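A closer look at the structure
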Amino acid sequence: MATQRSNSIHYGPRRHIAIQRERLDALHFEHFETTLLSPCLGAEIRGVNLSQTLSPSLLQELRTALVEFKVIFFRDQAISGEEHAALARNFGELEEHPFLPSGDTPNVIRFAKDETVVGVENNWHSDVSWRQEPSLGSVLRAREVPAVGGDTLWADVEAVYEGLSDKRKAQIEDLNAVHDFVSTFGLGLSDEEREQKRKEFPPAIHPIVRTNPETKRRCLYVNRIFTSHIEGMDSTESAELLESLYREVEVAEYQVRFKWEADSLAFWDNRSTQHLAISDYWPQKRVMERLTIIGDRP
Ligand code: SIN
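Remember, predicted model here, so these are calculated numbers, not experimental data.

So, how was this worked out
Residues numbered from 1 in each chain as written. Predicted model: local features only at pLDDT ≥ 70, side-chain atom pairs only at ≥ 80, totals over all residues. Heavy atoms only, no water. Phe/Tyr/Trp six-rings, centres within 6.5 Å; stacked < 30°, edge-to-face > 60°. Helix = DSSP H or I, 4+ residues; strand = E, 2+ residues; numbered from the N terminus. Buried < 20%, exposed > 50% of the residue type's maximum accessible area, 1.4 Å probe, protein only. Lys NZ or Arg CZ within 6 Å of the ring centre and 35° of its normal. Polar contact = N/O pair within 3.5 Å; in protein donor to acceptor, adjacent residues only side chain to side chain. Contact = heavy atoms within 4.5 Å. Pairing = 2+ DSSP bridges. Core = buried A, V, L, I, M, F, W, Y, C linked by side-chain atoms within 4.5 Å. Near = heavy atom within 4 Å. Areas by Shrake-Rupley, 256 points an atom, 1.4 Å probe, with all protein chains shown as cover. Nonpolar A, V, L, I, M, F, W, Y, C, P; charged D, E, K, R; others polar.

1. Observations regarding the packing of aromatic side chains
- Under the definition given, this model contains 16 aromatic pairs.
- With a centroid separation of 5.5 Å and 85° between ring planes, the pair formed by Trp 130 and Phe 201 is classed as edge-to-face. One end of the pair, Trp 130, is in the loop between β6 (109-113) and β7 (135-144); the other, Phe 201, is in the loop between α6 (191-200) and β10 (204-207), and 71 residues separate them in sequence.
- Owing to a relative accessible area of 13%, Phe 201 belongs among the buried residues under this scheme.
- Three or more aromatic residues joined by ring pairs form one cluster here, namely Phe 99, Trp 130, Phe 181, Phe 185, Phe 201 and Phe 226.
- Directly above the aromatic system of Phe 99 lies the positively charged group of Lys 197, at a separation of 5.9 Å from the ring centroid.

What follows is the structure in structure tokens.
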């Protein structure tokens, strides 16, 4: 069937991702082997022990792999919290999350889900986009996972941007959107606490289209859970435009899905991806630990 758009339903391939696949297929590394897990993003890396001190040339290759594949996966990395932090610190300063519970090591966020604490990370987002300087990337390690379920999905928001019509690209070119913690992390706070946190973390205004400073490629930078509205636009128009952009992030052709094992580790670029954790494993246990690396102002 030829590619068609009918009543906003898209049939057929997203042809522009073929170029991405060719570019990613052509990448070669001295220090490790890679297997591409989907045509536009996500690669599994083999031959690296992340508990060891990583040489500058290995780190350089990992950084290239991170920004090109957008999310990189490792298996069997039984690292300690300190080793996890040391790994992430190679890529930048670590953030302290003001709302999420920490694990045993400073800066490590622990997502410990079970029958009583349910998984709520199942909507598309880019980590801490409500900060003035949001995250460069996140490093997530699985400590305990259900036998089945609890996979994580990532979407390539560079491919999403590339796939927009010229008209849509022109429409959003110079628009900014407001990102806010209030409708997520703010929900569990008292009015007083929310007011206090609001002073520390005022709404952040970011361009809808940001350029990844490392690849110089453009990415869509609005997400369903932290973006509240488009600056200076009528609220209905803003909600409709955002909804149409979010629907593009949900297109399966732009995504990769990862099945966790204990000691699997995922490292993603928050500037060029969004992610969600599928919340289908309740009431089983799923324990993950995340470090988030501070990035630049979009
Ligand atoms: C997150 O949203 O950073 C958590 C993802 C996951 O638990 O898979």
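2. Observations concerning unusual backbone geometry
- Cis peptide bonds are those with omega within 30 degrees of zero, and the linkage from Trp 282 to Pro 283 qualifies with 10°.
- Mapped onto the fold, Pro 283 is located in the loop between β16 (273-277) and β17 (286-294).
- A positive phi angle, close to 45°, is found at Val 128, a residue other than glycine.
- Summarising the element assignment, Val 128 is placed in the loop between β6 and β7.
- Owing to a relative accessible area of 2%, Val 128 belongs among the buried residues under this scheme.
- Located in the positive-phi region is Lys 216, a residue other than glycine, with phi close to 65°.
- Counting through the fold element by element, Lys 216 comes out in the loop between β11 (209-211) and β12 (218-220).

3. Let's talk about the side chain of His 97
- Within the secondary structure, His 97 is located in the loop between α3 (81-89) and β6.
- His 97 gets classed as buried once you look at its relative accessible area, which sits at 11%.
- Separated by 3.1 Å, the side chain of His 97 and the backbone nitrogen of Phe 99 make a polar contact.
- Here Leu 100 takes part through its backbone nitrogen, which lies 3.2 Å from a polar atom of the side chain of His 97.
- Beyond its immediate chain neighbours, meaning those up to four positions away, His 97 contacts Ile 109, Val 128, Trp 130, Arg 131, Phe 185 and Arg 290.

4. Examining the pairing of β10
- The alternating pattern of β10 places Ala 204 and His 206 on a buried face, while none of Ile 205 and Pro 207, on the opposite face, is buried.
- With four bridges joining them, strand β9 (residues 176-179) and β10 adopt antiparallel strand pairing. Note on β10: the bridge partner recorded for His 179 is Ala 204.

5. Observations concerning the nonpolar core
- Core analysis: the largest hydrophobic core is formed by 44 residues, its most contacted members being Trp 154, Ile 172, Ile 208, Leu 220, Val 222, Leu 245 and Trp 260.
- The greatest single-element share of this core, amounting to five residues, is contributed by helix α7 (residues 235-249).
- For Ile 208, the residues in contact, after removing those within four places along its chain, are Ile 172, Leu 175, Asn 176, Ala 177, Cys 219, Leu 220, Tyr 221, Val 222, Ile 230 and Leu 245.
- Among the nonpolar cores identified, the runner-up in size contains 29 residues, and Leu 59, Ile 72, Ala 85 and Val 139 belong to it.

6. Thoughts on the site of the ligand
- The full set of residues close to the ligand is Glu 121, His 125, Asp 127, Leu 140, Thr 152, Trp 268, His 275, Ala 277, Arg 286 and Arg 290.
- Side-chain polar atom of Arg 290 to an oxygen atom of the ligand: 2.8 Å apart, as the coordinates give it.
- Considered on its own, the ligand offers 260 Å² of accessible surface; in the complex 99% of this is hidden by protein.
- Those elements that provide at least two residues to the shell around the ligand are β16 and β17.
- Among the residues forming the shell around the ligand, the class breakdown is three nonpolar, three polar and four charged.

7. Quick word on the environment of Met 233
- Following the sequence through the fold, Met 233 ends up in the loop between β13 (227-230) and α7.
- Distance from Met 233 to Asn 176, taken between C-alpha atoms, is 9.8 Å for residues 57 residues apart in sequence.
- Every residue in contact with Met 233, bar those within four places of it in the chain, is listed here: Leu 175, Ser 238 and Leu 241.

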